[in-house]
Each structure stands twice: as structure tokens, then as C-alpha cells.
Amino acid sequence: MENSKTHIALLASPGMGHLIPVLELAKSFVSFHGFQVTVIVVATDVATSQSFLKSLEHNLSIITLPLVDVSGLVDPSSSVVTKLAVTMRQSLPILRSTISEMKFRPTALIVDLFGTESMAVADEFGMLKYVFVTTNAWLLAFNVYIPIAHAKMEAGNEHAKRAKEFRIPGCKSVPLETPVEAFLGRDDQEFVEFKRTGTGIAMANGILVNTWEDLELKTFEALRNMKMFDNAKRTEVYPIGPLTRPVDQSLAPRDKAVMEWLNKQPEESVIYVSFGSGGTLSTEQMVELALGLEMSQQRFVWVVRPPSENDASRSFFLLESDSHQSFSYFPDGFLNRTRDRGVIVPTWAPQAEILAHPCVGGFLSHCGWNSILESIVNGVPMIAWPLYAEQKMNATLLTEELGMAIGPETSLTDRVVGRKEIEKMVRMIMVGKEGHALRKRVKDLRDSSEKAIKKGGSSYESLSKVARDCETSLQSVRAKGQG
Ligand code: UDP
């Protein structure tokens, strides 16, 4: 290993939605700052992440930690948040030994939201520690404010208890479907994990967020004024995005087929439908979506997974290889009737490439933050269809703040969205006046994102500041003769 360069380590928690932005951040440190970067990957689905990691040609060292068995520690019905938190905790000993065995110790450890407990390992080795929030600033504000709001309630603040929304000073309130009390008063593990992460974030030397200043101006201002960041070292918040996966020119033959089909369609005429790496729908919902797409008479590309009746995140931890699905869950004749207008992609599609294709004009999405950023950088308006975790907050941000998406009329919790409503939304976004306005708006956001990441832009400068702090830290360690 070349030790004239600054060496940093990034830790990615399980899930492609974490791994992809962590890799993009790693690549930025290599390309723009000449760093040596080691990415430490915690995986639960080795097959998917390995095949993805193999496709990388960048100058990164990748270490995949051995799988940890959490089956005896979490209930199978626990939330994604709980499972991720426990998996990361169980990986701590192996992370510690991995770092201690490195000949050229990294100057900094950058962890994602689920890795905040690993910052203790950075402390042990005298490394700088950063949190990389792979979603937006609003979610960051929500998370760091949870322990504060909880403490207020515990102190008997009646107003806080009765509120139906979660108020964060200076930010948009977070609508909760139940009164705040039910959320903050919970003693289940998901809430405990959220609270612990909220407290842990403020211990970092800095917080990197995959968004940009102009997209969430008010929220950044609120974050910087938050008391919990007003510690002796003043934890800085750095918007460094949007970091998105670039288009891959050397696609696998299976992925090429869908791109070839897209090449033959008119410009902005195809809606792309995908629920991310983890989303699954019930059989009834799959049928309604199929019929809604058919009734809209619009062209579509739909990434499908076999339905799951009561777990919307079923594929998150194990993306089964089901490319030979029988599709028996589709309505009779659906595939035949839509053969000329639609393409069904089993399990996993080349999303970055599809969204960048000029023939794609809309995206029906579960609202994972990476998907949202990929839609913005390609100027594609969205239909927001959140399923689990923070996706509802993301959907609210898109529809109420950013004006780049529409969504179902009432909350999606515990209800099936009917074919007529789906038909209406698809037509609205693809051929309606609303779609036209949304498209214009998302293209403005795309322009603003391009400004942020180019040299001299706000995100570029934020990342440069973090890089400089890492370099300075390395120099001071060396000056003390410890490096
Ligand atoms: N993705 C993909 N093909 C798929 C599904 C997802 O390439 O069929 C990628 C997508 O482009 C994005 C990431 O996986 O970069 C998913 O992250 P996101 O935050 O949108 O959602 P999550 O999967 O974490 O819920």
C-alpha cells in the first residue's frame, strides 16, 4: 500500500441502497482527492453485493466482512431498521480486528447511519470519524431530534405528547399517522435503535449528507442551529451530493435487452416501475398495478419480484434469484395484451441506465433516496409509492416540498391502491398537464444538482473541506511520529 497518500476507510451496512452511495463517495475521494480508500462491506446477501462489487473497476480496496449470524438475536418479524442495527453491532469485533491488522492505518473512518456504534472503534485507533447519511437532511434532522423530543416527553411535556406530528425546530414537521406519543413512547427495539443512532451521530467529527445545500436550504440552516451539534468541537454538516451511480456502458446481455427495447420507443414515453432493492407488493396489489398500467395505455418497464402478503421489505435482506419466475400472479392474459407496450424485468434491472435513457419519461418508485437522486439527475418526474422505513418521509418531501412527484390520494398504509387510481396517476404524469409541470420542475432541480457537484460548487467544496481535514490529521499524526 502506498503510504504517501491519505488513507481512509468507509463502512457500508447491508443493502444496495447503502452500498451504492458509499462506493460513489469512495470513488470521489479517489478521483478528486487522490486518496487511498478501503471500503469495508457488511453484507447479508453475499451473492448480490459480490457480483456488483466485481463490476467495479475503480482503484478501491474492498474488504467484505464475514457474515454474522443474527438469527438468534432478532425476531424474524422485526423491522429492517432493527435487523440492520443488530447485524452492524455483531460485526463490531471483526471490524476492529480488520482495522487493527491494516499496515497503513486509515486516518478516518466514515460510517453510514447504521454504523454509528463503529465510531468507538475509530476512537480506539485515534482516527477521525464521520457519518455519511445516504439519504436527505430532513431525515438526518428527524433522527438527531428523536432523543431530544423523547427527553422532553419524559420530562412531562404534555404538548409534545399530544402532537400528531413530529416538530423539529426550523424544519418541516414530520407527519406521523399516529400521535407522536405512540412513536416516542415506544419501547420496541426499532425506536431504541433510532434513538441510539440519533445520539451517536452528534459524536462524529462531521456529517456528510447525500444531498445538496440548495435542495434543502432551510433544513441545513435548522441543523446547524441545533443545540446537540453545539458541542466543543462543533460537529459540521456537509452536503456533498448528489452522488449517484454513473451509467455503465458494458452491461450484461440480459440488461442489454431492455435497453435495446427502450431504443425503439419515442422520447419520454416510457414509465419505469420499481420498488428498489427490497420492496415487494401483495398479490392483490400486483394485480391492481398490472391492470392500472394496462388501462393507462402507456409504455412501461416494470421490475417485478414474486408477491409477499405481509412483508413489504421481504427482498431487502435476500434478493432471491428468481429470473425464471412463472408470473402466475399476473392477471390472465396481461403479459400477452401488453407485449408490445411493456417489458417485465424479473428481480433486478439496470436502473441507472434506464433512468438515463431519453425514452424514459416517468418513474413509479418506492422512494428510496438513491432512486430519487437518480430520477432528479436525469430530469424524470415521479409517482411516489412509499413502502417502508423512511420512504414515506421521502415521498412527502417530493410531493409537498420539491414538487417533482404526485402520489396516491390517501396514505398507502394497509390499503390496496386500485387500478383506476393507478391508471389516473400514470396518465397524469406521462401525458397530463401536471406531468408537464412536474417535468419542468425536476429539470430545474437537475440543473441545480449539476451546479452543486461541479468544481467550485457547494457539494464539491464541502467534500474538499472533509478531505483537507483528513490530510491535516494525517500530517499531525506523522509530525508526532505515530504514523
Ligand atoms: N437498483 C437497481 N436495480 C433494481 C433496483 C435497484 O440498480 O432493480 C439500484 C437503484 O438504482 C439504487 C439502489 O439500487 O441505486 C436502491 O437504492 P434506494 O435508496 O433507491 O432504495 P433501497 O433499495 O435502499 O430501498
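As a reminder, the structure under discussion sits directly above these lines.
Throughout, a residue's number is its position along its own chain's written sequence, starting from 1. Residues qualify for local features only when their pLDDT is at least 70, as the model is predicted, and side-chain atom pairs are given and counted only at 80 or more; totals for whole chains, interfaces and linings, by contrast, use all residues.

A word on the overall build of the protein chain. Secondary structure elements follow DSSP: runs of H or I of four or more residues count as helices, runs of E of two or more count as strands, with numbering from the N terminus. Of regular secondary structure, the protein chain possesses 19 helices and 15 strands. A residue is called partly exposed when the number of other C-beta atoms within 10 Å of its own lies between 12 and 20, exposed at 12 or fewer, and buried at 20 or more, with C-beta atoms placed from the backbone. For the protein chain, the proportion of its 483 residues judged to be buried stands at 47%. We call two residues in contact if the C-beta atoms placed from their backbones are at most 7 Å apart. Across the protein chain, contacts joining residues at least 24 apart in sequence account for 73% of those joining residues at least 6 apart.

This paragraph deals with the sheet that holds strand β15 (residues 405–406). Strand order across the open sheet formed by six strands is β12-β11-β10-β13-β14-β15, with parallel pairing between neighbours. The strands lining the two open edges of the sheet, one partner per strand, are β12 (342–346) and β15. The sheet contact formed by strand β10 (residues 270–274) and strand β13 (residues 360–365) spans five bridges and is parallel. Bridging across to β13, valine 273 finds its partner in leucine 364. For two strands to be treated as a pair, DSSP must find at least two bridges joining them.

Now for the site of the ligand. Working rule for contacts: place C-beta from the backbone, and if it is within 6 Å of a molecule or strand, that residue counts as near it. Lining the immediate environment of the ligand, one finds 19 residues, of which Gly17, Gly276, Ser277, Gly368 and Ser371 sit closest. For the shell around the ligand, the per-class residue count stands at seven nonpolar, 10 polar and two charged. All residues other than Ala, Val, Leu, Ile, Met, Phe, Trp, Tyr, Cys, Pro, Asp, Glu, Lys and Arg, Gly among them, are scored as polar; the first ten of these are nonpolar and the last four charged.

Moving on, we get to the packing of helix α17 (residues 419–431) against helix α18 (residues 433–453). Axes, fitted as lines to C-alpha atoms, cover a helix only where it is in contact. Angles between the N-to-C directions of the axes lie from 0 to 180 degrees. Where α17 contacts α18, the two axes come as close as 5 Å, and the packing angle between them is 55°. Overall, the two elements α17 and α18 adopt an arrangement that is oblique. In this structure, α17 meets α18 at a crossing whose hand is right-handed. In contact with Met428, Ile429, Met430 and Val431 of α17, α18 contributes Glu434, Gly435 and Leu438. Broken down by class, the residue content of the contact of α17 with α18 amounts to five nonpolar, one polar and one charged. When an angle is under 35 degrees it counts as roughly parallel; over 145 it counts as roughly antiparallel; between 65 and 115 it counts as roughly perpendicular; any other value is oblique. Helix crossings are classified by the rotation of the near helix relative to the far one: an anticlockwise turn of less than a right angle makes the crossing left-handed, while a clockwise turn makes it right-handed.

Attention shifts here to the packing of helix α6 (residues 137–154) against helix α10 (residues 217–225). Packing of α6 against α10 brings their axes to within 9 Å, and their N-to-C directions diverge by 30°. When the interaxial angle is binned, α6 and α10 end up roughly parallel. Considering how the two elements wind past one another, α6 and α10 form a crossing that is left-handed. Where α6 abuts α10, its residues Ala137, Trp138, Leu140 and Ala141 lie against Thr219, Phe220, Ala222 and Leu223. Classifying every residue of the contact of α6 with α10 gives seven nonpolar, one polar and no charged.

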